[in-house]
Amino acid sequence: MATATIADHACLSARLSLPRVGVWLLDAIVDTAEASSGVVTAQVGEIALSGYVQRSAVFLDAWHVRIIGGAGHVLDAATPRFWQQAPVRNAVASVLSDAGETLDSTASAATVPQWYAVASASVGAELSKLATANGTDTVWRILPGGAFWMGVDTWADTDAALVELDRDPIERVLTFGTASPSLLPGTTYDGLRIDLVE
């Protein structure tokens, strides 16, 4: 059985959703009567996570929590900006810096011809616009460690130790068994692209 911990406390149950595009989400019931807040660390199998406690409550001596990837500011309003012929990573870094998020060092270095950020839109919505302006294959996501990444997936074969339990060829859904989860989106398994890991 895979183990999961949040803030060094064992999870009684945990559900992790790692999308190829967007923010990851971890819902858990933790074996502690003390709730944490702000940015916390978690471990689900081999996957080390850093995220923000979005919702939290203690019920029947257990901590019920929802954690979102990063520092929790992707839904905040973006600061107005204008760029022309600027490297994408510079534009992204300034949007993220204003929001208190961090940029992964492997993010795209392409140039965006022109892009505006409007204050009424969320940071995530503006970053989606920037990804689209950078090319149709460009995506963004919060990595498990909490940093923001934008670029084109290479679709490398996964090296995760997996046992395939079921395959739905119509829905293109695979079910795996593993002692220690390590599969990540943006990789390939048996020729199939992994878009969502749950």
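This text goes with the structure placed above it.
Our subject in this report is the structure included herewith.

So, how was this worked out
- Residues numbered from 1 in each chain as written.
- Predicted model: local features only at pLDDT ≥ 70, side-chain atom pairs only at ≥ 80, totals over all residues.
- Heavy atoms only, no water.
- Helix = DSSP H or I, 4+ residues; strand = E, 2+ residues; numbered from the N terminus.
- Rg over C-alpha atoms; globule rule 2.2 N^0.38 Å.
- Buried < 20%, exposed > 50% of the residue type's maximum accessible area, 1.4 Å probe, protein only.
- Contact = heavy atoms within 4.5 Å.
- Areas by Shrake-Rupley, 256 points an atom, 1.4 Å probe, with all protein chains shown as cover.
- Pairing = 2+ DSSP bridges.
- Core = buried A, V, L, I, M, F, W, Y, C linked by side-chain atoms within 4.5 Å.
- Salt bridge = Lys/Arg side-chain N within 4 Å of Asp/Glu carboxyl O.

## Some details on the overall build of the chain
So, step 1. Tallying secondary structure elements over the chain gives two helices and 15 strands in all.
So, step 2. Computed over its C-alpha atoms, the radius of gyration of the chain comes to 18 Å, within 12% of the 16 Å expected for a compact globule of 198 residues.
So, step 3. With respect to the three principal axes, the spread of C-alpha positions in the chain is 50 × 40 × 30 Å.
So, step 4. Every one of the 198 residues in the chain was classed for burial, and the buried ones make up 43%.
So, step 5. Intrachain contacts of the chain at a sequence separation of at least 6 include 56% that bridge at least 24 residues.
So, step 6. Put simply, the chain shows about 10,400 Å² of open surface, and 52% of that area lies on carbon and sulfur atoms.

## Here we look at the pairing of strand β9 (residues 138-142)
So, step 1. By the criterion of burial, β9 is predominantly enclosed, with five of the five residues buried.
So, step 2. Of the two faces of β9, the one lined by T138, W140 and I142 and the one lined by V139 and R141 are each fully buried.
So, step 3. By the bridge criterion, five bridges tie β9 to strand β10 (residues 148-152) in an arrangement that is antiparallel. In the sheet register, T138 faces β10, and the bridge partner there is V152.
So, step 4. Here β9 folds back onto β10, and the loop between the two strands holds five residues, one of which, G146, carries a positive phi near 100 degrees.

## Considering the nonpolar core
So, step 1. In this structure, I6, L26 and M150 are the most contacted members of the largest nonpolar core, which totals 44 residues.
So, step 2. Counting residues per element, this core draws most heavily on helix α1 (residues 88-99), at six residues.

## Some thoughts on unusual backbone geometry
So, step 1. The backbone phi angle of L60 is positive, close to 50 degrees, even though this residue is not glycine.
So, step 2. With respect to the helices and strands, the residue L60 is situated in the loop between β5 (47-59) and β6 (62-69).

## Let's talk about the pattern of salt bridges
So, step 1. Applying the stated rule across the entire model yields seven salt bridges.
So, step 2. D195 serves as the salt-bridge partner of R20, at 2.7 Å between the closest nitrogen and oxygen. Here the residue R20 occupies a position in the loop between β2 (9-19) and β3 (25-30), and D195 occupies one in the loop between β14 (192-193) and β15 (196-197), the gap between them amounting to 175 residues.
So, step 3. Assessed through its relative accessible area of 18%, R20 is described here as buried.
So, step 4. By sharing partners, the salt bridges in this structure join R20, R141, D153 and D195 into a single network.

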